[in-house]
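Summary of the model geometry
Here's the letter readout for the chains.
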Amino acid sequence: MSGNRLKKIEITACITACILGVLFHFAYDWTGKNPAAASFFPVNESTWEHLKLIYFPILILSFLEYFFLQPSQREKFWTAKLVSTLTGMALTVILFYTYTGVYGKNVDFLNIIIYFVSMAAAYVLSYYLINSGGKSIWPESVSFLCFLLLILVFAIFTFYPPDIGLFREP
């Protein structure tokens, strides 16, 4: 697969992930606030809960993307997805707390822009990491396991959030 084909796959996945994220924002309410859905969809307006809108769409689409890659690109796929997803999540937190700290207000329009910028950054980084030469820094099985362990982290912190700002509604 050429870099152009990978680029098309990543762009398509990014657009799809953004759409899923927007839909996922409302999914908890659509389920009637089902406790089983709480681990996967935001249950409140905290920054932490909104990180699910980055993580879960990328996770779902990563399983589909994997099968469109050449074996050589699969060798570092899960590491690329782990690093890029964590980067997108970190960027969300950094940008949100930077602008609200400077501006002093929480603005929905800016939050939406941050979401799309963070998602795009995650996919640009993913493309770069998958397309770059060299091997993964650790076995893909470790990256895959770490990527999946984030599901458990989201579940735990949804039901038992620490008493810090990241987990409070703004």
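Everything in this summary refers to the structure shown in the same document. Everything numeric in this text was worked out from a predicted model, so none of it was measured.

Quick look at the overall build of the protein chain
A tally of regular secondary structure across the protein chain gives eight helices and zero strands. Along the protein chain, helices and strands appear, N-terminal first, in the series α-α-α-α-α-α-α-α. Taking 2.2 N^0.38 as the reference for a compact globule, 170 residues should give roughly 15 Å; the C-alpha atoms of the protein chain span a radius of gyration of 16 Å, in line with that estimate. Seen through its C-alpha atoms, the protein chain measures out along the principal axes to roughly 45 × 35 × 30 Å. Residues classed as buried in the protein chain amount to 39% of the 170 residues present. Of the contacts formed within the protein chain by residues at least 6 apart in sequence, a portion of 76% connects residues at least 24 apart.

Thoughts on helix α1 (residues 3-30)
For α1, which comprises 28 residues, the first-to-last C-alpha distance of 39 Å matches the rise-based estimate of 40 Å (1.5 Å per residue) to within 8%. Residue F24 marks the point of greatest curvature in α1, where the axis turns by about 30 degrees. On its buried face, α1 sits against α2 (35-38), α4 (52-66), α5 (71-74), α6 (77-103) and α7 (108-131). Taken from the residues just after α1, G32 is the one with a positive phi, measuring 75 degrees.

Comments concerning the packing of α6 against α7
Where α6 meets α7, the axes come as close as 8 Å, and the angle between the chain directions of the two elements is 155 degrees. One element, α6, and the other, α7, form an angle in the roughly antiparallel class. Considering only the axes of α6 and α7, their crossing is right-handed. For the pair α6 and α7, the contacting residues are F77, A80, K81, V83, S84, T87, G88, L91, T92, L95, F96 and Y99 in the first and L110, N111, I114, V117, S118, A121, A122, Y123, L125, S126, L129 and I130 in the second. Partitioned by chemical class, the residues of the contact of α6 with α7 number 16 nonpolar, seven polar and one charged.

Considerations on α7
Helix length check: α7 (24 residues) gives 35 Å between terminal C-alpha atoms against 34 Å at 1.5 Å per residue, within 8%. By the burial criterion, the buried members of α7 are I114, Y115, S118, M119, A122, Y123, S126 and I130. Considering only its buried residues, α7 is in contact with α1, α4, α5 and α6.

Some points on the packing of aromatic side chains
In the structure shown here, the tally under the stated rule is 22 aromatic pairs. Ring geometry for F56 versus F154: centroids 5.6 Å apart, planes at 45 degrees, classification tilted. Taken as a pair, F56 in helix α4 and F154 in helix α8 (residues 140-159) lie far apart in primary sequence, 98 residues in all. A relative accessible area of 1% places F154 in the buried class. Here F96 and Y97 contribute two aromatic rings whose centre-to-centre distance is 5.0 Å and whose plane-to-plane angle is 80 degrees, an arrangement assigned as edge-to-face.

About the criteria used
Residues numbered from 1 in each chain as written. Predicted model: local features only at pLDDT ≥ 70, side-chain atom pairs only at ≥ 80, totals over all residues. Heavy atoms only, no water. Helix = DSSP H or I, 4+ residues; strand = E, 2+ residues; numbered from the N terminus. Rg over C-alpha atoms; globule rule 2.2 N^0.38 Å. Buried < 20%, exposed > 50% of the residue type's maximum accessible area, 1.4 Å probe, protein only. Contact = heavy atoms within 4.5 Å. Expected span 1.5 Å × (residues − 1). Bend = angle between axes of the 7 residues up to and from the residue. Axes fitted to C-alpha atoms, helices over the stretch in contact; angles between N-to-C directions. Parallel < 35°, antiparallel > 145°, perpendicular 65-115°, else oblique. Left-handed = near helix turned anticlockwise from the far one by under 90°. Nonpolar A, V, L, I, M, F, W, Y, C, P; charged D, E, K, R; others polar. Phe/Tyr/Trp six-rings, centres within 6.5 Å; stacked < 30°, edge-to-face > 60°.

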